[in-house]
Amino acid sequence: MAINGVETVVFSATNPDELIRFFEDFGLEGTRTAAGADFVLPEGSKVLVRKDSDPALPPKFLPGDGPREVIWGVDSQAALDAIEADLKTDRVVTKDADGTLRTVDPAGIRIGFRVFNRKPLEGKVSNLENSLTERPRWNKMRKWYDRARPQLIQHVVFATPNVDEQLDFYVGRLKFRVTDVSRGRGVFLRAEGRNEHHNFFIVNRPLGFHHMAFGLESIDELMVGANHMQRKGWKSQYGLGRHRASSIVFYYMTSPVGGEIEYTADGDFVDDNWQPGLWVPDFANRYWMAGDAPPVVEGEGMVPLPQPMPRFSEIR
Ligand SMILES: [Fe+2]
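No experiment lies behind these values; they were computed from the predicted model shown.

1. Points about the overall build of the protein
Across its full length, the protein carries 5 helices and 19 strands. Whereas a compact globule of 316 residues would reach a radius of gyration of roughly 20 Å, the protein reaches 19 Å, a difference of no more than 12%. Viewed in the frame of its principal axes, the protein has a C-alpha envelope of about 60 × 50 × 35 Å. In the protein, of all internal contacts separated by at least 6 residues, the share reaching a separation of at least 24 is 67%.

Here it is, written out as structure tokens:
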């Protein structure tokens with residue numbers, strides 16, 4: 001079985017208009033409906049915004065506005081059937097007429113699974129960067145952007161109080177791969193059917209929505225998007241920077257329903273040959289960050305993660 005990424009995230013809000021406006025400014029394309037708005041990304045994944053009171057939604061797992069459900073994509077019906085058989089051994093799993101499975105993860109997060117035939121993204125830009133001596137872009141200008149248009153859902157991030165329990169479920173049962181561990185802070189997971197550094201990050205804190213990230217094709221597109229969002233009045237708590245773990249260039253914006261929504265570009269791609277690291281959290285988080293000093297780290301900022309991986313709670 002192979003989970004191939006986030007297929008849908010459903011958000012709900014008492015007044016969904018602000019969030020709909022945010023995602024429109026952010027560059028998602030979709031339609032407003034009587035129920036809220038349906039945004040569809042070029043890869044085929046979706047962001048749905050609904051009224052809090054919508055009777056079609058599953059019960060809330062967090063107080064207030066925010067994510068209501070995360071649907072993971074699965075690459076085949078056989079893989080979906082295998083997930084269903086496995087999850088039914090110890091939890092209630094419902095199945096919609098369209099075959100979507102729904103259940104709850106160990107932290108209480110409402111999750112689902114459905115077959116996700118991801119659309120290949122068009123190679124719009126080669127993104128070749130000239131250095132002082134390497135000149136792959138010769139007699140050619142860089143691509144110009146008017147707006148950022150996210151093409152995929154990169155990752156979702158939830159805080160959960162028992163990281164080991166989540167790892168038993170997502171790694172042990174659903175075959176996510178651990179790409180890196182931020183000591184005491186959390187664990188980066190990659191879906192089996194994807195190669196971005198992480199598609200899911202588990203933060204070691206009380207249950208809550210932390211952030212959700214979307215993929216852009218270049219740093220230029222990210223900067224154009226960030227400028228546009230600033231002009232539209234959307235605030236950023238963490239701003240612009242590059243993480244060391246994952247190499248992602250980021251621009252975070254504060255969502256009107258809580259948590260952050262992130263543009264990402266130029267992240268690492270990894271496969272099962274990747275050697276996971278054990279990181280000092282601030283060192284992993286900040287390679288450079290606009291307007292901020294680099295973290296002061298004593299000793300090694302990153303060492304190889306011992307294998308087999310110890311329990312997260314036992315890592316010192
Ligand atoms: Fe992120």
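2. Quick word on the sheet that holds strand β17 (residues 277-279)
Overall, mixed pairing links the 11 strands, which are arranged β18-β14-β15-β16-β13-β9-β12-β11-β10-β17-β19 in an open sheet. Both edges of this open sheet fall to β18 (288-289) and β19 (302-304), since each of them pairs with a single strand only. Sheet analysis places strand β10 (residues 177-182) next to strand β11 (residues 186-190), joined by 5 bridges and oriented antiparallel. Looking across to β11, one finds that Ser182 is bridged to Gly186. Packed onto the sheet, helix α4 (residues 219-231) meets β14 (239-242), β15 (249-254) and β16 (260-265) and runs at close to 150 degrees relative to β16.

3. As for the sheet that holds strand β1 (residues 3-13)
Read from one edge to the other, the open sheet built from 8 strands follows the order β2-β3-β4-β1-β5-β8-β7-β6, with strand pairing classed as mixed. Of all the strands in the sheet, just β2 (30-33) and β6 (94-95) have a single pairing partner and so form its edges. The pairing of β6 with strand β7 (residues 101-104) spans 2 bridges and is antiparallel. What sits directly across from Lys95, in β7, is Leu101. Packing against the sheet, helix α1 (residues 17-26) makes contact with β1, β2, β3 (36-40) and β4 (46-51), and its axis sits at approximately 160 degrees to β4.

4. Observations concerning the environment of Val163
Inspection of the secondary structure puts Val163 in helix α3 (residues 163-170). Contact partners of Val163, with chain neighbours within four places excluded, come to Gly186, Val187, Ile202, Asn204, Phe312 and Ser313.

5. What to know about the pairing of strand β12 (residues 200-204)
Successive residues of a regular strand alternate their side chains across the two faces of the sheet. With 4 of 5 residues buried, β12 lies mostly within the body of the structure. Across 5 bridges, strand β9 (residues 152-160) lies against β12 in parallel orientation. Among the inter-strand pairings, Ala159 is bridged to a residue of β12, identified as Val203. In terms of strand pairing, β11 meets β12 through 4 bridges, oriented antiparallel. Bridging from a neighbouring strand, Val187 pairs with Ile202 of β12.

6. Quick look at helix α2 (residues 77-87)
Three or more residues of α2 are buried, namely Ala79, Leu80 and Ile83. The buried residues of α2 all sit within an arc of 100 degrees when viewed along its axis, so they share a single face. Within α2, the exposed residues directed more than 90 degrees away from the buried face are Gln77, Ala78 and Ala85. On the buried face of α2, the contacting elements are β5 (66-74), β7 and β8 (110-115).

7. With respect to the environment of Ile71
Along the chain, Ile71 falls in strand β5. Residues Ile71 and His155 lie 84 residues apart in sequence; the distance between their C-alpha atoms is 12 Å.

8. A word on the environment of Ala245
Relative to the elements of secondary structure, Ala245 occurs in the loop between β14 and β15. On the basis of neighbour counts, which here come to 24 C-beta atoms within 10 Å, the residue Ala245 falls in the buried class. The sequence separation of Ala245 and Val187 amounts to 58 residues, and the corresponding C-alpha distance is 11 Å.

9. Concerning the nonpolar core
Ranked by size, the top nonpolar core spans 75 residues in total, and within it Phe23 and Val187 carry the most contacts. In terms of residue count, β1 provides more of this core than any other element does, 6 residues in total. Other than its neighbours up to four places away in sequence, Val187 contacts Val163, Leu167, Val178, Val181, Ile202 and Phe312.

10. Quick look at unusual backbone geometry
Glycine aside, negative phi is the norm for most residues, and most peptide bonds take the trans geometry. Here Gln307 and Pro308 are connected by a cis peptide whose omega angle stands at -10 degrees. Along the chain, Pro308 turns up in the segment after β19. Of note, Asn139 is a non-glycine position whose phi angle comes to about 55 degrees, a positive value. Position of Asn139 among the secondary structure elements: in the loop between β8 and β9. Unlike most non-glycine residues, Ser246 shows phi in positive territory, near 95 degrees.

11. Concerning α1
Of the residues making up α1, those classed as buried are Leu19, Ile20, Phe22, Phe23 and Phe26. Looking straight down α1, one finds that the buried residues subtend no more than 160 degrees of arc, so they occupy a single side. If you follow the buried residues of α1, they end up packed against β1, β2, β3, β4, α4 and β16. One or two residues past the end of α1 sits Gly27, with phi positive at roughly 115 degrees.

About the thresholds
Residues numbered from 1 in each chain as written. Predicted model: local features only at pLDDT ≥ 70, side-chain atom pairs only at ≥ 80, totals over all residues. Helix = DSSP H or I, 4+ residues; strand = E, 2+ residues; numbered from the N terminus. Rg over C-alpha atoms; globule rule 2.2 N^0.38 Å. Contact = placed C-beta atoms within 7 Å. Pairing = 2+ DSSP bridges. Axes fitted to C-alpha atoms, helices over the stretch in contact; angles between N-to-C directions. Buried ≥ 20, exposed ≤ 12 C-beta atoms within 10 Å, placed from the backbone. Arc of directions from axis to C-beta. Core = buried A, V, L, I, M, F, W, Y, C linked by C-beta atoms within 7 Å.

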